[in-house]
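Structural features, examined
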Amino acid sequence: MAIIDAIPTQWRNHFKMCNNYQNNSSGSNSAQLYLNGHNIRLDKVSSKNIYKEVSSKVEIIPTAQLKYSEKYNYQLDWKEIYCIPFRVTVGSRSREFQFKVLHSYLATNKFLHKIGLLPSFLCTFCKRESESIEHLLIECNHSNKFWQDLIDWFNTIDIKVEALSDIDKIFGHIYSCRNKGYSPSLKTYLAKVSVIYQIETTIADSNGKRTFHDFKWKKFFNYCSSS
């Protein structure tokens, strides 16, 4: 439905009768709107076109995004970062977790203590430092051991990884372990990935996307078959 359909019928008829508007014309005398750098005939303008034009003028950078950019001093491609959860998984829980991390919305002990729901702000794993998102996922010794074990495992399945940056480390397994009260490990990580693999296999079969699914999970499947 074009945006012109939202105009009162009487006005619309007047447009069509007017010399400045010809429904079948492609010339310069057609009524047009200038949207997103292009002239678009009024009868071809959709509400989506209008929304994009208006929303592009009002862009507010999320507070958490500013904090991450300042803290890590990286030239981050935020458009790409926000797209990653939708490219790597079809699971809503994994996507939800990444959303919470990116918007600094995870309920860590530091936050829960601040609002009076926990008696201690100390890290669930090391019991020594304040449990912020950065400490939990990046700085804690228990987390660092997990990341090194993961790098070693990647190399065994022919995924060459020399190191992971702090930004690389911000994803879900460690927080899952924290919620269950045990330290992160490669064994529990692989068990979780196996569950995700089974879920995505079922979804791929139901959506007729098994070929893409098998390509995406090829290295992990080969690892499972040989172990």
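Above this note sits the structure.
So, here's what we can say about the structure. Everything numeric here is computed off the predicted structure, so don't read it as measured data. (Residues numbered from 1 in each chain as written. Predicted model: local features only at pLDDT ≥ 70, side-chain atom pairs only at ≥ 80, totals over all residues. Heavy atoms only, no water.)

1. With respect to the pattern of salt bridges
- For the coordinates displayed, the defined rule picks out seven salt bridges.
- Put simply, E200 and K216 hold a salt bridge, and the shortest N to O gap is 2.8 Å. Here K216 lies in helix α11 (residues 210-216) and E200 lies in helix α10 (residues 186-207), a separation of 16 residues in the sequence.
- On the basis of relative accessible area, K216 is assigned to the partly exposed category, the value being 30%.
- Where R210 meets D205, a salt bridge forms, and the shortest distance between an N and an O atom there is 3.0 Å.
- Judged by its relative accessible area of 43%, D205 falls in the partly exposed class. (Salt bridge = Lys/Arg side-chain N within 4 Å of Asp/Glu carboxyl O. Helix = DSSP H or I, 4+ residues; strand = E, 2+ residues; numbered from the N terminus. Buried < 20%, exposed > 50% of the residue type's maximum accessible area, 1.4 Å probe, protein only.)

2. Observations concerning the nonpolar core
- Residues Y68, L137 and W153 are the most contacted members of the largest nonpolar core, which totals 33 residues.
- Elements with a minimum of two residues in this core: α3 (63-72), α4 (78-88), α5 (92-102), α7 (133-139), α8 (141-156) and α10.
- In terms of residue count, the dominant contributor to this core is α8 (six residues). (Core = buried A, V, L, I, M, F, W, Y, C linked by side-chain atoms within 4.5 Å.)

3. Description of the environment of P85
- Residue placement: P85 occurs in helix α4.
- Along the chain, P85 and F99 lie 14 residues apart, while their C-alpha atoms are 8.3 Å from each other.

4. Quick look at the packing of aromatic side chains
- A full pass over the atoms with the stated rule returns eleven aromatic pairs.
- Between Y197 and W217 the ring centres are 5.2 Å apart and the planes differ by 65°, which places this aromatic pair in the edge-to-face class. Highlighted residues: Y197 in helix α10 and W217 in the loop between α11 and α12 (218-226), separated in sequence by 20 residues. W217 matches Y197 in its accessibility class, with the two residues each being buried.
- Residue class for Y197 comes out buried when judged on its relative accessible area of 11%.
- Here the aromatic cluster, defined as three or more aromatic residues joined through ring pairs, consists of F146, W147, W153, F154, Y189, Y197, W217, F220 and F221.
- The lysine or arginine in question, K67, covers the ring of Y68, its NZ or CZ lying 5.1 Å from the ring centre. (Phe/Tyr/Trp six-rings, centres within 6.5 Å; stacked < 30°, edge-to-face > 60°. Lys NZ or Arg CZ within 6 Å of the ring centre and 35° of its normal.)

5. Quick look at the packing of α10 against α12
- The contact between α10 and α12 brings their axes to 12 Å, and the two run at 115°. Here α10 runs over α12; the crossing is left-handed. Contacts from L190, V193, S194 and Y197 of α10 reach α12 at F220, F221 and Y223.
- Counted by class, the contact of α10 with α12 contains six nonpolar, one polar and no charged residues. (Axes fitted to C-alpha atoms, helices over the stretch in contact; angles between N-to-C directions. Left-handed = near helix turned anticlockwise from the far one by under 90°. Contact = heavy atoms within 4.5 Å. Nonpolar A, V, L, I, M, F, W, Y, C, P; charged D, E, K, R; others polar.)

6. Concerning the pairing of strand β1 (residues 32-35)
- In this structure, β1 lies alongside strand β2 (residues 38-41), joined through four bridges in antiparallel fashion. By the bridge assignment, Y34 is partnered in β2 with N39.
- What sits between β1 and β2 in their antiparallel hairpin is a turn of two residues, with N36 showing a positive phi close to 50°. (Pairing = 2+ DSSP bridges.)

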